[in-house]
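Coordinate inspection notes
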Amino acid sequence: MRLHEPDRPGIRLGVGRQIKLRLESRIGYVDLVHELAEGLARRAGFSKSSALNIGLAVREAAINAIKHGNGMDVKKPIEVSFEERGDLFRIRVRDRGPGFDWAQTANPLDRENIYRTSGRGIFFMKHFVDRVAFQRRPGKGTEVILEKRFEQAARAGRSGDAVRSIKRRKG
Amino acid sequence: MKANTRHHGKVTVVDLSGKITIGEGDIKLKQAVNALLDEGRKNIILNLGGVSYMDSAGIGELVACFKRARDKEASLKLLNPNGKVQDLLILTKLQEIFDIYRDEREALASF
């Protein structure tokens, strides 16, 4: 099921390595962060469906950081890092905002919230990965940590050296 | 995302394709539905068959469209959500508020 496109060699993370991005707070960069997350997850051995879930979770974290964390202020960067650590694929998304009370976010499934047009981002993150943690960094912003455990089948295949690259989606 | 509109008598079908996400798909969805509501269209079907996924902004816009239609005494129904889109509608419990159809003829006849 892995993509094998030798003419388009892609970046592969590798155990113990880290990729870090620093981006201006522009909504237009959300797709880039999503595609990189999904592509790296694919190359790390996750199934297509799990990689899309990881991409969607990271997308929501990036939207939160740009919109609510940095208040769309392009001068404030967001930082996104990806790493393979043990049996985990871990993504960190940092903003420079004043922080927010993530424990107080309303449950979008409650009857009174079902018609709300916002407030589903953190809910999506929690659903799409195994662990979501928020860390306030006093004076420096907020860091969201997203972790997804490798699937057993994926782990077995991770030693393979097939070159894979991001399959670009149309749309 | 692309949105193509076709009319079947009193019913308008909007064929959506691509992804409904922040900054692009959500805006195009809003524009497409607002244009129909402004024209006075009362019966709208959003055909989600070609939509690969949505994010929280896309889902939010879908709910906003539903509410705007309701406020204008119009009705907005969904056709053929697939794969991830269907998962998201179930996950968010929005399948409980939307009328969702698998068959276009059935959807057209439902108004």
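Above this text sits the structure in question.
Summarised in this report is the structure supplied together with it. (Residues numbered from 1 in each chain as written. Chains lettered and ligands numbered in written order. Predicted model: local features only at pLDDT ≥ 70, side-chain atom pairs only at ≥ 80, totals over all residues. Heavy atoms only, no water.)

When helices and strands are tallied, chain B shows four helices and five strands. The C-alpha radius of gyration computed for chain B amounts to 12 Å, which stays within 12% of the reference 13 Å derived for 111 residues, consistent with globular compactness. Counting only C-alpha atoms and orienting by the principal axes, one finds that chain B spans roughly 30 × 25 × 25 Å. Among the 111 residues that make up chain B, the fraction classed as buried is 51%. Relative to all contacts within chain B whose residues are 6 or more apart in sequence, the contacts with residues 24 or more apart total 68%. Carbon and sulfur atoms provide 46% of the accessible area of chain B, an area that totals close to 4700 Å². With 17 positive and 15 negative side-chain charges, chain B shows a separation of 1 Å between the mean positions of the two kinds. (Helix = DSSP H or I, 4+ residues; strand = E, 2+ residues; numbered from the N terminus. Rg over C-alpha atoms; globule rule 2.2 N^0.38 Å. Buried < 20%, exposed > 50% of the residue type's maximum accessible area, 1.4 Å probe, protein only. Contact = heavy atoms within 4.5 Å. Areas by Shrake-Rupley, 256 points an atom, 1.4 Å probe, with all protein chains shown as cover. Lys, Arg positive; Asp, Glu negative; His and termini not counted. Charge placed at Lys NZ, Arg CZ, Asp CG, Glu CD.)

Turning our eyes to something else, we now look at the sheet that holds strand β5 (residues 100-101) of chain B. Residues and elements named next belong to chain B. The mixed open sheet is built from five strands, whose spatial order is β1-β2-β3-β4-β5. Each having just a single partner strand, β1 (2-8) and β5 make up the two edges of the open sheet. Bridge analysis of strand β4 (residues 75-79) against β5 gives two bridges, and the strand direction is parallel. The partner of L78 across the bridge, within β5, is I100. (Pairing = 2+ DSSP bridges.)

Right, let's talk about the packing of helix α2 (residues 48-69) of chain A against helix α3 (residues 121-128) of chain A for a bit. Packed helices, taken two at a time, are described by their axes: the angle between them and the distance between them. All names here are of chain A. α3 packs onto α2 with a crossing angle of 150 degrees between their chain directions and a minimal axis gap of 8 Å. When the axes of α2 and α3 are compared, the pair comes out roughly antiparallel. Crossing hand, α2 versus α3: left-handed. Contacts between α2 and α3 involve N53, L56, A57, E60, A61 and N64 from the former and G121, I122, F124, M125 and F128 from the latter. Broken down by class, the residue content of the contact of α2 with α3 amounts to seven nonpolar, three polar and one charged. (Axes fitted to C-alpha atoms, helices over the stretch in contact; angles between N-to-C directions. Parallel < 35°, antiparallel > 145°, perpendicular 65-115°, else oblique. Left-handed = near helix turned anticlockwise from the far one by under 90°. Nonpolar A, V, L, I, M, F, W, Y, C, P; charged D, E, K, R; others polar.)

Before going further, it helps to spend a moment on the sheet that holds strand β4 (residues 131-137) of chain A. Residues and elements named next belong to chain A. Pairing is antiparallel in the open sheet, where five strands are placed in the order β1-β2-β3-β5-β4. The open sheet has two edge strands, β1 (18-24) and β4, and neither has a second partner. Averaged over neighbouring strand pairs, the angle between their axes works out to 15 degrees when direction is ignored. Pairing analysis gives seven bridges linking strand β3 (residues 88-94) to strand β5 (residues 141-149), with the strands arranged antiparallel. The residue of β5 that forms the bridge with L88 is R149. The strands that α2 touches are β2 (77-85), β3 and β5; relative to β3, the one it contacts most, it runs at about 20 degrees.

It is worth spelling out empty space enclosed by the protein at this point. All names here are of chain A. According to the stated counting rule, one finds one cavity of 30 Å³ or more in the structure shown. Secondary-structure elements contributing two or more residues to the lining of the largest cavity are α2 and β5. Of all the elements, α2 adds the most residues to the lining of the largest cavity, at four residues. Residues of the lining of the largest cavity, tallied by class, amount to six nonpolar, three polar and one charged. (1 Å grid on protein atoms, 1.4 Å probe; cavity = no way out; pocket = protein on both sides within 12 Å on 5 of 7 lines; lining within 4 Å. Points joined across faces, edges and corners; volume = space filled by probe spheres on them.)

Moving on, we get to the packing of α3(A) against helix α3 (residues 83-91) of chain B. Two elements in contact, α3(A) and α3(B), have axes whose closest approach is 12 Å; the angle formed by their N-to-C orientations is 115 degrees. Considering their axes alone, α3(A) and α3(B) lie roughly perpendicular with respect to each other. The handedness of the crossing between α3(A) and α3(B) is right-handed. Across the interface between the two elements, F123(A), F124(A), H127(A) and F128(A) of α3(A) pack against K84(B), L88(B) and L91(B) of α3(B).

Right, let's talk about unusual backbone geometry for a bit. Here M72(A), not a glycine, exhibits a phi torsion of approximately 60 degrees, which is positive. Topologically, M72(A) is positioned in the loop between α2 and β2. Using a relative accessible area of 43% as the deciding quantity, one classes M72(A) as partly exposed. Not every positive phi belongs to a glycine, and N80(B) is a case in point at roughly 55 degrees. Structurally, N80(B) is set in the loop between β4 and α3. We classify N80(B) as partly exposed; its relative accessible area is 23%.

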